[in-house]
Amino acid sequence: MTTDFQNGRDALGARLRELRVEAGLDGKALAERLGWQRSKVSRLQNGKRTPSVTDVEAWAVAVGRPDTAAELKGRLSGRESRYRSWRRQLAAGHRARQEQGVAETAATTVTRAVEAVRIPGLLQTPEYARHTLATAAEFRRVEHDVDDAVRARVRRQEALYDPDKTFRFLIWEPALHARTVPPGVHAAQLDRLMGVIGLDTVDLGVVPLGAELRRAPSHGFWIYDRRLVVGTIGTEMWLTDGDSLTTYERAWDWLAEAAVHGERARRLIGRVRASLGAV
């Protein structure tokens, strides 16, 4: 599936290639001028890698067009941060967005996710997902295609059992307590979380409510390898620039310092489960 952020990178790469050709340089000659590996030139102009601000400035100078640096940086700025209105994304329903999640997960080796107020979609039971997506559709007043969206979300979860992938989840304890679904669905969801602890592809950390934090999580976000961050507030951010990746990785690391894992995480989830009583 081709995404908006990839289309933006392709367009920037095409412009870089155009400037190289206009300068009468092949990839090898340009790489020599820049002091880069030839493969870097190839990946940038073919949309396989996102350049830094320094990269596009150096490119403009190397092709004899320093006057294009501002243009290239403007294109890069628009490429780096894609703020997508949920209303716009979900205008045709939730299924398309869930299918996009399937594609990104399939293309990723190491997935890291932080959730502060809900259970990560990759760990949701079908009923929890159904209630969550139905409520979101009602709130945002978009097409109610919940059954198709749930099927896509569950299909995405098949990746959890791929031995070539790694999933690292951090859940802030309030997400375990948030009663946004019926008690029976809530209880089954907590049982599901306890069940994935010990799965060799999954590392589930829970950050206790009373833990000392260097920085509280302001919103959930997902890091796909070291190529993409997807963060959710009122809009969904798709970020691929190096500065954003570094910032979100730091946010991940700081929160991970306070997380408990394994049996301690299981006991914490179990206490929340017990508070629901017999359901």
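Residues numbered from 1 in each chain as written. Predicted model: local features only at pLDDT ≥ 70, side-chain atom pairs only at ≥ 80, totals over all residues. Heavy atoms only, no water.

**A word on the overall build of the protein**
So, point 1. Across its full length, the protein holds 13 helices and 7 strands.
So, point 2. Nonlocal contacts in the protein, meaning residues at least 24 apart in sequence, comprise 77% of its contacts between residues at least 6 apart.
So, point 3. Carbon and sulfur atoms make up 50% of the accessible area of the protein, which totals about 13500 Å². (Helix = DSSP H or I, 4+ residues; strand = E, 2+ residues; numbered from the N terminus. Contact = heavy atoms within 4.5 Å. Areas by Shrake-Rupley, 256 points an atom, 1.4 Å probe, with all protein chains shown as cover.)

**Overview of the pairing of strand β5 (residues 221–224)**
So, point 1. Burial along β5 is two-sided: the residues F221 and I223 and W222 and Y224 are all buried.
So, point 2. As defined by bridge partners, strand β2 (residues 110–115) adjoins β5 across 4 bridges and the pair is classed as antiparallel. Each residue of the ladder has a partner; that of V114, found in β5, is F221. (Buried < 20%, exposed > 50% of the residue type's maximum accessible area, 1.4 Å probe, protein only. Pairing = 2+ DSSP bridges.)

**Quick word on the packing of aromatic side chains**
So, point 1. With the rule as written, the count across this model stands at 5 aromatic pairs.
So, point 2. Consider the rings of F167 and F169, whose centres lie 6.3 Å apart with planes at 5°: the pair is stacked.
So, point 3. For F167, a relative accessible area of 1% gives the class buried.
So, point 4. In this structure F169 comes out as buried when scored by relative accessible area, which is 1%.
So, point 5. Ring geometry for F169 against W222: centres 6.2 Å apart, planes inclined by 80°, an arrangement best described as edge-to-face. (Phe/Tyr/Trp six-rings, centres within 6.5 Å; stacked < 30°, edge-to-face > 60°.)

**Looking at helix α8 (residues 126–140)**
Working note: α-helix, 3.6 residues per turn, so residues spaced by three or four point in the same direction.
So, point 1. Its 15 residues place the ends of α8 21 Å apart at the C-alpha level, agreeing with the 21 Å of an ideal helix rising 1.5 Å per residue.
So, point 2. Looking one or two places after α8, you find R141, whose phi comes out positive at around 55°. (Expected span 1.5 Å × (residues − 1).)

**Considering the packing of helix α2 (residues 27–34) against helix α4 (residues 53–62)**
So, point 1. Where α2 contacts α4, the axes come no closer than 10 Å and their chain directions differ by 110°. In terms of orientation, α2 and α4 fall into the roughly perpendicular class. Regarding α2 and α4, the two cross each other, and that crossing is right-handed. Judged by residue contacts, L30, R33 and L34 of α2 engage A58, W59 and A62 from α4.
So, point 2. Here the residues of the contact of α2 with α4 sort into 5 nonpolar, no polar and 1 charged. (Axes fitted to C-alpha atoms, helices over the stretch in contact; angles between N-to-C directions. Parallel < 35°, antiparallel > 145°, perpendicular 65-115°, else oblique. Left-handed = near helix turned anticlockwise from the far one by under 90°. Nonpolar A, V, L, I, M, F, W, Y, C, P; charged D, E, K, R; others polar.)

**Remarks on the environment of L170**
So, point 1. Residue position: L170 is located in strand β3 (residues 166–172).
So, point 2. Note on L170: relative accessible area 1%, which makes it buried.
So, point 3. When the C-alpha positions of L170 and A259 are compared, they lie 7.3 Å apart, and in sequence the two are 89 residues distant.
So, point 4. If near-sequence neighbours (up to four positions away) are discounted, L170 is found in contact with A113, V114, E115, G205, W252, L255, A256 and A259.

**What to know about the pattern of salt bridges**
So, point 1. In total, this model carries 16 salt bridges according to the counting rule given.
So, point 2. Each of E22, R65 and D67 takes part in a single network of salt bridges with overlapping partners. (Salt bridge = Lys/Arg side-chain N within 4 Å of Asp/Glu carboxyl O.)

**Comments concerning the nonpolar core**
So, point 1. Counting 34 residues, the largest nonpolar core has L123, F169, L176, L193, L204 and I269 as the members making the most contacts within it.
So, point 2. Mapped onto this core, the elements with two or more residues apiece are β3, α10 (174–177), α11 (183–196), β4 (202–207), β5, β6 (228–232) and α13 (262–275).
So, point 3. Looking at which element gives the most residues to this core, the answer is α11, with 6 residues.
So, point 4. Residues in contact with L204, not counting those within four places in the same chain, are L123, F169, I171, L193, V196, I197, V260, H261, G262, A265 and I269.
So, point 5. Membership of the second largest hydrophobic core comes to 18 residues, among which are L19, L30, A62 and L76. (Core = buried A, V, L, I, M, F, W, Y, C linked by side-chain atoms within 4.5 Å.)

It is worth stressing that arrangement in space is one thing and function is another; only the former is reported here.
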